[in-house]
Amino acid sequence: MADTAAALDLEELRAFVADVLDVEEEDVTDDADFVEELGVDSLMALEVMVVLEKKYSVKLQEQEMKEITCLSKVHDLLASKLEK
């Protein structure tokens, strides 16, 4: 699955997250805090996680969801899951 991890494109992920959150892509910077800067609530966060799980065929734990606060952390988590 290393090929899948290598194929995890940050810009594609940014566009995907922006679409799910219904915000502009440029607002989803690598370090923009989802809650503080983008107004993500727990329901929106859950929606993002479910959609990511389906898109990338991974299983994300509740604890991992709490750690994901910005795009770069989403990318790092998905990359580590896809490498397994």
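A short tour of the structure in this document, coming up.

So, how was this worked out
- Residues numbered from 1 in each chain as written.
- Predicted model: local features only at pLDDT ≥ 70, side-chain atom pairs only at ≥ 80, totals over all residues.
- Heavy atoms only, no water.
- Helix = DSSP H or I, 4+ residues; strand = E, 2+ residues; numbered from the N terminus.
- Contact = heavy atoms within 4.5 Å.
- Buried < 20%, exposed > 50% of the residue type's maximum accessible area, 1.4 Å probe, protein only.

What to know about the side chain of Arg-14
Step number 1: One can find Arg-14 in helix α2 (residues 10-21).
Step number 2: Leaving out residues up to four positions away in the same chain, Arg-14 has contacts with Glu-25, Val-28, Thr-29, Asp-30 and Leu-71.

Things to note about unusual backbone geometry
Step number 1: The backbone of Asp-22 shows a phi angle near 60 degrees, a positive value even though the residue is not glycine.
Step number 2: The topology assignment puts Asp-22 in the loop between α2 and α3 (42-56).
Step number 3: On the accessibility criterion, Asp-22 (69% relative accessible area) is exposed.
Step number 4: Even without being glycine, Ser-57 reaches a positive phi, approximately 55 degrees.
Step number 5: Here Ser-57 lies in the loop between α3 and α4 (62-67).
Step number 6: Under the relative-accessibility criterion, Ser-57 is labelled exposed at 65%.

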